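If you want the building blocks of each chain, they are given just below.
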Amino acid sequence: MEVFDHNLAHLFQQLGLPSDAAAIRTFIDQHSLSNGEHLANAAFWTTSQRQFLEEAKSQDADWVEQIDTLDTLLRKA
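Now for a quick tour of the structure. Within any chain, residue numbers begin from 1 and follow the written order of that chain's sequence. In view of the model being predicted, local features appear only for residues whose pLDDT reaches at least 70, and side-chain atom pairs are presented and counted only at 80 or more, with totals across whole chains, interfaces and linings using the full set of residues. Side-chain numbers come from the whole structure's heavy atoms, not from hydrogens or water.

## Here we look at the overall build of the protein
- Check the secondary structure of the protein and you find 4 helices and 0 strands.
- Listed by position from the N terminus, the elements making up the protein come as α-α-α-α.
- Our radius of gyration looks at C-alpha atoms and nothing else; its globule reference is 2.2 Å times the residue count to the power 0.38. Against the 2.2 N^0.38 benchmark of 11 Å for 77 residues, the protein shows a C-alpha radius of gyration of 12 Å, consistent with a compact globule.
- Taken over the C-alpha atoms alone, the protein extends approximately 40 × 25 × 25 Å along its principal axes.
- Relative to its 77 residues, the protein shows a buried fraction of 35%. Secondary structure elements are taken from DSSP: a helix is a run of H or I of four residues or more, a strand is a run of E of two residues or more, and numbering for both begins at the N terminus. Under the scheme applied here, a residue whose accessible area is under 20% of the maximum for its type counts as buried, over 50% as exposed, and between as partly exposed, the area being computed with a 1.4 Å probe on protein chains only.

Written out as structure tokens, the structure reads:
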């Protein structure tokens, strides 16, 4: 069995986004999700980013933990 050590920076790389700590903070500061909005349905994703997020979640891929983390970080009180 293959074990992957994905983190938030790796997720950002997979999404084709800048992945250094400052860029991740900036992305989270500039984007948010409303109540009930699904992460993959957010308007700020490209079609390919949305497709990746949907497929990773539906397949319970190794990325799910980091996708869930990003979802939580984008939900501001």
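Next comes the rest of the description.
## Some thoughts on the packing of aromatic side chains
- The aromatic pairing rule takes the rings of Phe, Tyr and Trp, using the six-membered ring of Trp, and pairs them if the centres are within 6.5 Å, calling planes under 30 degrees apart stacked, those over 60 edge-to-face and the rest tilted. The tally for this structure, following the rule as stated, stands at 5 aromatic pairs.
- Relative to Phe27, the ring of Phe12 has its centre 5.3 Å away and its plane inclined at 90 degrees; by these criteria the two rings are edge-to-face. Here Phe27 lies in helix α2 (residues 21-30) and Phe12 lies in helix α1 (residues 8-14), a separation of 15 residues in the sequence.
- For Phe12, a relative accessible area of 1% puts it in the buried group.
- Clustering of aromatic rings is evident, with ring pairs tying together Phe12, Phe27, Phe44 and Trp45.

## Section: the nonpolar core
- Nonpolar cores were defined as sets of buried Ala, Val, Leu, Ile, Met, Phe, Trp, Tyr and Cys residues, with membership established by side-chain atoms within 4.5 Å. Ranked by size, the top nonpolar core spans 20 residues in total, and within it Leu11, Trp45, Leu53 and Leu70 carry the most contacts.
- Looking at this core, the elements that each hand over two or more residues are α1, α2, α3 (47-58) and α4 (64-73).
- Contacts are assigned to residue pairs that have any heavy atoms within 4.5 Å of one another. Excluding anything up to four places from it in sequence, Leu70 contacts Leu8, Leu11, Phe12, Ile28 and Trp45.

## What to know about the pattern of salt bridges
- One side-chain nitrogen of Lys or Arg within 4 Å of one carboxyl oxygen of Asp or Glu is enough to make a salt bridge. Applying the stated criterion across every chain yields a total of 2 salt bridges.
- In this structure, Asp68 and Lys57 form a salt bridge, with 2.4 Å as the shortest nitrogen-oxygen distance. Taken together, the positions of Asp68 in helix α4 and Lys57 in helix α3 put the pair 11 residues apart, joining distant regions of the chain.
- The salt bridge involving Arg75 is made with Asp71; its shortest N-O contact spans 2.8 Å.

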